[in-house]
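Chain by chain, the residues run as shown.
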Amino acid sequence: MSQDTKTLLEWADRYLMTNYARAPLCLVRGEGARVWDTDGKEYLDFVGGIAVDALGHSHPKIVGAIREQATALLHVSNLYQIPSQIHLAKLLVEHSFADRAFFCNSGTEANEAAIKLARKHATDTGSSDRTDIITMRGAFHGRTMGALSATPNEKYQHGFHPLLPGFKYVPFGDLTAVERAMDGRTAAILVEPIQGEGGVNVAPDGYLAGLRRLCDHHGALLIFDEVQTGMGRTGRLWAHEHWGVAPDVMTLAKALASGIPIGAMVAKEFCARAIVPGSHGTTFGGNPFATTVGIATFTTMLEEKLPERAGRLGGYLMDRLRSIGLPAIKEVRGKGLLVGVDLDRPANAVVTACREQGLLVLTAGDAIVRMTPPLVVEEADVDRAVEIVRTVLTRSAP
Ligand SMILES: Cc1ncc(COP(=O)(O)O)c(C=O)c1O
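Below, the structure is looked at part by part. This is a predicted model, so every value here is computed, not measured.

## Section: the sheet that holds strand 11 (residues 249-252)
Point 1. The mixed open sheet is built from seven strands, whose spatial order is 4-12-11-10-7-5-6. A strand with exactly one partner marks an edge of an open sheet, and here the two such strands are strand 4 (100-104) and strand 6 (167-170). Neighbour to neighbour, the strand axes of the sheet diverge by 20 degrees on average, direction disregarded.
Point 2. Both strand 5 (residues 132-136) and strand 7 (residues 186-191) contribute to a ladder of three bridges, which runs parallel. Bridging from a neighbouring strand, isoleucine 133 pairs with alanine 188 of strand 7.
Point 3. On the sheet, helix 9 (residues 207-218) packs against strand 5, strand 7 and strand 10 (221-225) and is oriented at approximately 150 degrees with respect to strand 10.

## Things to note about the side chain of asparagine 287
Point 1. Here asparagine 287 lies in the loop between helix 10 (269-272) and helix 11 (288-303).
Point 2. Note on asparagine 287: relative accessible area 10%, which makes it buried.

## Topic: the pairing of strand 1 (residues 27-31)
Point 1. Two strands pair when backbone bridges link them, and strand 1 and strand 2 (residues 34-37) are joined in this way by four bridges, in the antiparallel orientation. Among the inter-strand pairings, arginine 29 is bridged to a residue of strand 2, identified as tryptophan 36.
Point 2. Between strand 1 and strand 2, which follow one another and run antiparallel, lie two residues, and glycine 32 among them has a positive phi close to 60 degrees.

## What about the environment of glutamate 42?
Point 1. Following the sequence through the fold, glutamate 42 ends up in strand 3 (residues 42-45).
Point 2. Overall, glutamate 42 belongs to the partly exposed group, its relative accessible area being 40%.
Point 3. Taking the C-alpha atoms as reference, glutamate 42 lies 28 Å from glycine 230; in sequence the two are 188 residues apart.
Point 4. In contact with glutamate 42, not counting residues within four places along its chain, are Arg34, Val35, Trp36 and Gly358.
Point 5. At 2.8 Å, the side chain of glutamate 42 forms a polar contact with the side chain of arginine 34.
Point 6. A polar contact is formed between the side chain of glutamate 42 and the side chain of tryptophan 36, at a distance of 3.5 Å.

## Some remarks on the pairing of strand 13 (residues 329-335)
Point 1. As judged from the six bridges shared by strand 13 and strand 14 (residues 338-343), these two strands associate in the antiparallel manner. Within strand 14, the residue paired with glycine 334 across the bridge is valine 339.
Point 2. A loop of two residues connects strand 13 with strand 14, the two strands running antiparallel in sequence, and glycine 336 in this loop sits at a positive phi of about 55 degrees.

## Some details on the packing of helix 4 (residues 83-94) against helix 11
Point 1. Packing of helix 4 against helix 11 leaves a shortest axis separation of 8 Å and a crossing angle of 35 degrees. As for the relative orientation of helix 4 and helix 11, their crossing is left-handed in sense. Facing Ser84, Gln85, His87, Leu88, Leu91 and Leu92 of helix 4, the residues of helix 11 in contact are Pro288, Thr291, Thr292, Gly294, Ile295, Phe298 and Thr299.

## Quick notes on the environment of tryptophan 243
Point 1. Positionally, tryptophan 243 belongs in the loop between strand 10 and strand 11.
Point 2. Here the alpha-carbon distance between tryptophan 243 and arginine 345, two residues 102 residues apart in the chain, equals 32 Å.
Point 3. Excluding its chain neighbours within four sequence positions, the residues that come into contact with tryptophan 243 are Pro193, Ile194, Val202, Ala203, Pro204, Asp205, Leu208 and Lys335.
Point 4. Looking at tryptophan 243, its side chain comes within polar contact range of the side chain of aspartate 205, at 3.1 Å.

## Here's the deal with the site of the ligand
Point 1. Lining the immediate environment of the ligand, one finds 13 residues, of which Gly107, Thr108, Phe140, Asp225 and Gln228 sit closest.
Point 2. One of the side-chain N or O atoms of aspartate 225 is found 2.7 Å from a nitrogen atom in the ligand.
Point 3. Glutamine 228 is positioned with one of its side-chain polar atoms (N or O) 2.8 Å from an oxygen atom of the ligand.
Point 4. Burial of the ligand by the protein chains amounts to 83% of its free accessible area of 390 Å².
Point 5. A per-element tally of the shell around the ligand places helix 5 (residues 107-124) first, with three residues.
Point 6. Of the residues contributing to the shell around the ligand, the split by class is two nonpolar, seven polar and four charged.

## Considerations on helix 12 (residues 306-322)
Point 1. Compared with an ideal rise of 1.5 Å per residue, which puts 17 residues at 24 Å, helix 12 spans 24 Å between its outermost C-alpha atoms and is within 8% of the ideal.
Point 2. Of the residues making up helix 12, those classed as buried are Leu306, Pro307, Arg309, Ala310, Leu313, Gly314, Leu317, Met318, Arg320 and Leu321. Down the axis of helix 12, the buried side of the element spans an arc of 160 degrees, and every buried residue falls inside it.
Point 3. The inward-facing, buried residues of helix 12 abut helix 11, strand 13, strand 14, strand 17 (368-371) and helix 14 (379-395).

Scoring rules and cut-offs
Residues numbered from 1 in each chain as written. Predicted model: local features only at pLDDT ≥ 70, side-chain atom pairs only at ≥ 80, totals over all residues. Heavy atoms only, no water. Pairing = 2+ DSSP bridges. Helix = DSSP H or I, 4+ residues; strand = E, 2+ residues; numbered from the N terminus. Axes fitted to C-alpha atoms, helices over the stretch in contact; angles between N-to-C directions. Contact = heavy atoms within 4.5 Å. Buried < 20%, exposed > 50% of the residue type's maximum accessible area, 1.4 Å probe, protein only. Polar contact = N/O pair within 3.5 Å; in protein donor to acceptor, adjacent residues only side chain to side chain. Left-handed = near helix turned anticlockwise from the far one by under 90°. Near = heavy atom within 4 Å. Areas by Shrake-Rupley, 256 points an atom, 1.4 Å probe, with all protein chains shown as cover. Nonpolar A, V, L, I, M, F, W, Y, C, P; charged D, E, K, R; others polar. Expected span 1.5 Å × (residues − 1). Arc of directions from axis to C-beta.

See below:
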């Protein structure tokens, strides 16, 4: 396998589908919050696989779990009971509002499952005309047709019509708009407690509680998409804990198995029972390999108190970013280590300049630089990252 950067980039150009606007670097190794490319250049990784690598790269507990399970059993089938799947479900249930878990392979699949559960629950409870799902402008729920239909963004939906019917879009944070949109046809509200892709938009206080009240009043399900915000990212195990509001259903993926593809939908018993044999499933979902790594991720996260650490280091990161004090920074917002820096200029050029200085960050919308570093990041890493951002913004023009 060639490791020569120039050849790899040429082959990428020739052989890969053109759906990603990728940066011209090939990452081959990682440790903690650092990664190295094919030229041996080191980067401070404040992307962390977009909120996936919560435990950092090459965490010994994860490496150990992978090694051990690789020689035991990778995959069987959901035709049989899978001990590690049962254990991971138990962990998720014991540490959340939920009673049951279903496993799939990605965030978008977790949201597909939640959309299907909402409609099936309505049908099972005698309201088969209750098919509408209300979602928020600025949301991102995934790329498959159901999740895409729940993602009201022309950038993602363009060219893929007709979308799935039955989705209503309202502005994020606007309870009155939700109230107006709700009626006897509403099956569920699907919302991210903090919109990640949409610009690190934090739910205003009272918003999630208001959605809870509206769902209870109208007999609709409240679904939180915690694909990005879950697993300690925001300073709590689940972001909704910041507001003390529990949903009926929650979707997870990203950090759940430290980069081994996995997704999950967890739900309360009263609606979970809508999913019966034959109504939903997946070949790979919850296989021995992914769920064993999921258990190692979850237990290590709790042992190392990573949610608390994310809260502490995220507060430090946001304070340091605010202290840069340049007019280029309009606002620094977020929770824990899900941080957005709202700029007076396009974020893309800033991301590129940071990369050239050895810092990986990403965008969220046109003018927001997003940071989702591993939760094991050190204070010194934060200092270095902030220094690079300061240097880049001082040099760049709006
Ligand atoms: C909130 C949210 N939901 C769903 C998804 C889709 O997840 P996946 O890319 O694993 O399908 C993402 C991905 O960024 C996300 O941030």
